[in-house]
Number of protein chains: 2
Amino acid sequence: MRLTHKQFREIAWNHGLAATHQRQVVYEAVIASHGHRSPEDIYASVRKRIPHISLATVYNNIRLFVDRGLLREVTPHAATLRVDGNLKPHHHLVCSRCKAVQDVEADFIDFKRLAPHIPDGFDLTRPVVEVFGLCRQCRTKTARKPK
Amino acid sequence: MRLTHKQFREIAWNHGLAATHQRQVVYEAVIASHGHRSPEDIYASVRKRIPHISLATVYNNIRLFVDRGLLREVTPHAATLRVDGNLKPHHHLVCSRCKAVQDVEADFIDFKRLAPHIPDGFDLTRPVVEVFGLCRQCRTKTARKPK
DNA sequence: CTCCTCTTTTATAATAATTATCAACCGATA
DNA sequence: TATCGGTTGATAATTATTATAAAAGAGGAG
Ligand SMILES: [Mn+2]
Ligand SMILES: [Mn+2]
Ligand SMILES: [Zn+2]
Ligand SMILES: [Zn+2]
C-alpha cells in the first residue's frame, strides 16, 4: 500500500518518529504484503524502490516500528531455543516482554467457535496454544530486561 | 531427576536411540528442571556432572530428543523475526513444521475457564493467542522443508 | 571378553541473523 | 550559511546454531 508523504508523516508523528523516505518505504513494504514477513524479505521489497538502502536501516526501522507499536511482532518468544520435558498436553502463558513461560493446565479453547475458522486440511488433532500477556514484574513500569 | 542406566536405556531404546552417558545426563538435566530451558542453560547443568562435555553434544542431543519426541520445543516459530502490519487484534495459526503463519479472526478463548488459571498479576487485557498444528502440505508425509 | 562396525562425541570452523559502531548525510533552524 | 540532533549506510562484531572430520564409545556376533 502506498501512502502520500503527508499520510505517512501523520502516522510517524503519532508514534514520535521522523518521517524519512526510507522509513516510509519500509513501512509500506510491510503493510502492502498483508503477510507475516521477515526482515530479509522486507529488505528485498524495499530494494526495488531504494536499491542502495542498507540492510541495517531496514532492521533499525523494523525494530523501531515494533517498539513504537506500528507493527506487531509475530515471533514473540525468546529468540533462542527452549525445550520442555513435560510431555503431558498443556498450554503456555508467555510474557511478551521478558519471554518467561509458565504452564497453563486449563482447557479453555472453545472448539465450536474455533473450528469454522480452521482452513481445510489443517491438522489440529493435538492443539497447543500459547497465550501472550505481561507477567507481574513486567507490568510495572520499572520492568527489568529479559535474562 | 536421576534414572538408572537401565531405565534410560529403555526410554532411549523406545525412541530408537543408543543410550550413551552424555545423552542420559542431558536428558536428566532437562527433566529435572521442570522448566523451559535453553541449550546454554542445560549445558551449564550438564557440565556439573560431565565437565568436559562439548556444547555441540548438548545441541545434538537436544535436537535429537525434540525430533524423536522425548522433548517438546517451546519456541516453535520460525527462528527469525517476523512482523505483521495488521494491528487489528487477531490470533494466529502456526504450522509446527514449516512455520507458516495464518490469521484467525475467531474469538475462541473461554475466559471463564482460563481466568482461574492465570497467575495473580499477569496482564491479559489484550490476549493474543497462537494455535499450533500442521498445515495441509506438512500433514502429508512428503512435506517440504520450511522456506 | 574381543573384535568389528556403526554411531556418537569432541574440537573447531563455518554460517546466519542481528546488533553495534561511527563517519557522512540531511533537514530544520538561527 | 553555520550549526545541531537525528538518520543512514558501510562495515565489523556478536551470538546462536550447525557442519566437519578425526577420535572414542556402544552394541552385537562370535
Ligand atoms: Mn511447559
Ligand atoms: Mn497476522
Ligand atoms: Zn515478563
Ligand atoms: Zn506447514
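What counts and what doesn't
- Residues numbered from 1 in each chain as written.
- Chains lettered and ligands numbered in written order.
- Predicted model: local features only at pLDDT ≥ 70, side-chain atom pairs only at ≥ 80, totals over all residues.
- Heavy atoms only, no water.
- Near = heavy atom within 4 Å.
- Polar contact = N/O pair within 3.5 Å; in protein donor to acceptor, adjacent residues only side chain to side chain.
- Helix = DSSP H or I, 4+ residues; strand = E, 2+ residues; numbered from the N terminus.
- Nonpolar A, V, L, I, M, F, W, Y, C, P; charged D, E, K, R; others polar.
- Domains from an automatic or database assignment.
- Donors = N, O, S within 2.8 Å, 3.2 Å for Na, K, Ca; no water.
- Tetrahedral: all angles 85-135°; square planar, octahedral: opposite > 155°, others 65-115°.
- Buried < 20%, exposed > 50% of the residue type's maximum accessible area, 1.4 Å probe, protein only.
- Contact = heavy atoms within 4.5 Å.
- Phe/Tyr/Trp six-rings, centres within 6.5 Å; stacked < 30°, edge-to-face > 60°.
- Buried area = accessible area lost by both parts, 1.4 Å probe.
- Pairing = 2+ DSSP bridges.

**Student:** Just checking my understanding: could you explain the protein's contact with DNA strand C for this structure?
**Tutor:** In the region of DNA strand C, 16 residues are neighbours, and A:Tyr59, B:Thr20, B:Arg23, B:Thr57 and B:Leu81 sit closest. Each atom of DNA strand C within 4 Å of the protein belongs either to a base or to sugar and phosphate, the latter forming 87%. B:Gln22 places a polar side-chain atom, nitrogen or oxygen, 3.0 Å from a sugar or linking oxygen of DNA strand C. Between a phosphate oxygen of DNA strand C and a main-chain N or O atom of B:Ser54, the distance comes to 3.3 Å. Every element with two or more residues in the surface near DNA strand C is listed here: α4 (55-68) of chain A together with α2 (21-33) and α4 (55-68) of chain B. If you tally residues by element for the surface near DNA strand C, the top one is α4(B), at four residues. Its residues placed into classes, the surface near DNA strand C shows six nonpolar, eight polar and two charged.

**Student:** How do you make sense of the domain arrangement of chain A when you look at a structure like this?
**Tutor:** Interface extent is often summarised as the accessible area lost during association of the parts. The domains assigned to chain A are domain 1 (5-73) and domain 2 (88-144). Inter-centroid distance (C-alpha atoms) of domain 1 of chain A to domain 2 of chain A is 28 Å.

**Student:** What am I meant to see in the coordination of the zinc ion (ligand 4) here?
**Tutor:** Perfect tetrahedral coordination of a metal by four donors corresponds to 109.5 degrees between them, and perfect octahedral coordination by six donors corresponds to 90 or 180 degrees. Residue and element names in this part refer to chain B. Protein-derived coordination of the zinc ion (ligand 4) comes from Cys95 (SG), Cys98 (SG), Cys135 (SG) and Cys138 (SG), at a distance range of 2.2 to 2.3 Å. One can describe the donor arrangement at the zinc ion (ligand 4) as tetrahedral, given that its four donor atoms subtend angles of 105 to 113 degrees at the metal. Here the donor residues of the zinc ion (ligand 4) share one chain and are spaced in sequence as C-x2-C-x36-C-x2-C. Residue Cys95 is located in strand β4 (residues 91-95), and its partner Cys138 is located in helix α6 (residues 136-139); the two are separated by 43 residues in the primary sequence. Cys138 shares its class with Cys95; the two are buried.

**Student:** In this structure, what is going on with the side chain of A:Arg37? I would like to understand it.
**Tutor:** Among the secondary structure elements, A:Arg37 is positioned in strand β1 (residues 36-37). Judged by relative accessible area, A:Arg37 falls into the buried class, the value being 12%. Of note is the side chain of A:Arg37, whose polar atom sits 3.1 Å from the side chain of A:Ser45. For A:Arg37, the contacting residues outside a window of four places in its chain are A:Ala29, A:Val30, A:Ile42, A:Ser45, B:Leu81, B:Arg82 and B:Val83.

**Student:** I tried to follow the packing of aromatic side chains on my own but got confused; where do I start?
**Tutor:** Any aromatic ring pair is given by two values, namely how distant the centres are and how the planes are angled relative to each other. Residue and element names in this part refer to chain A. Counted under the stated rule, the structure contains four aromatic pairs over all chains. Consider the rings of Tyr27 and Phe65, whose centres lie 5.7 Å apart with planes at 75 degrees: the pair is edge-to-face. Taken as a pair, Tyr27 in helix α2 (residues 21-33) and Phe65 in helix α4 lie far apart in primary sequence, 38 residues in all. Taken as a pair, Tyr27 and Phe65 share a single burial class, namely buried. An aromatic cluster of at least three residues, connected via ring pairs, comprises Phe8, Tyr27 and Phe65.

**Student:** Help me understand the interface of chain B and chain A, please; the structure alone is not making it clear to me.
**Tutor:** At the interface, 64 residues of chain B touch 64 residues of chain A. Counting each side, the surface lost to burial between chain B and chain A is near 5900 Å², with a carbon and sulfur contribution of 62%. For the pair chain B and chain A, the number of links is 29 residue pairs in polar contact (both at pLDDT 80 or more). When residues of the side of chain B that touches chain A are assigned to their parent elements, the largest contribution, 10 residues, is made by strand β6 (residues 123-134) of chain B. Inspection of the sheet shows β1(A) paired to strand β3 (residues 83-84) of chain B by two bridges, in the antiparallel sense.

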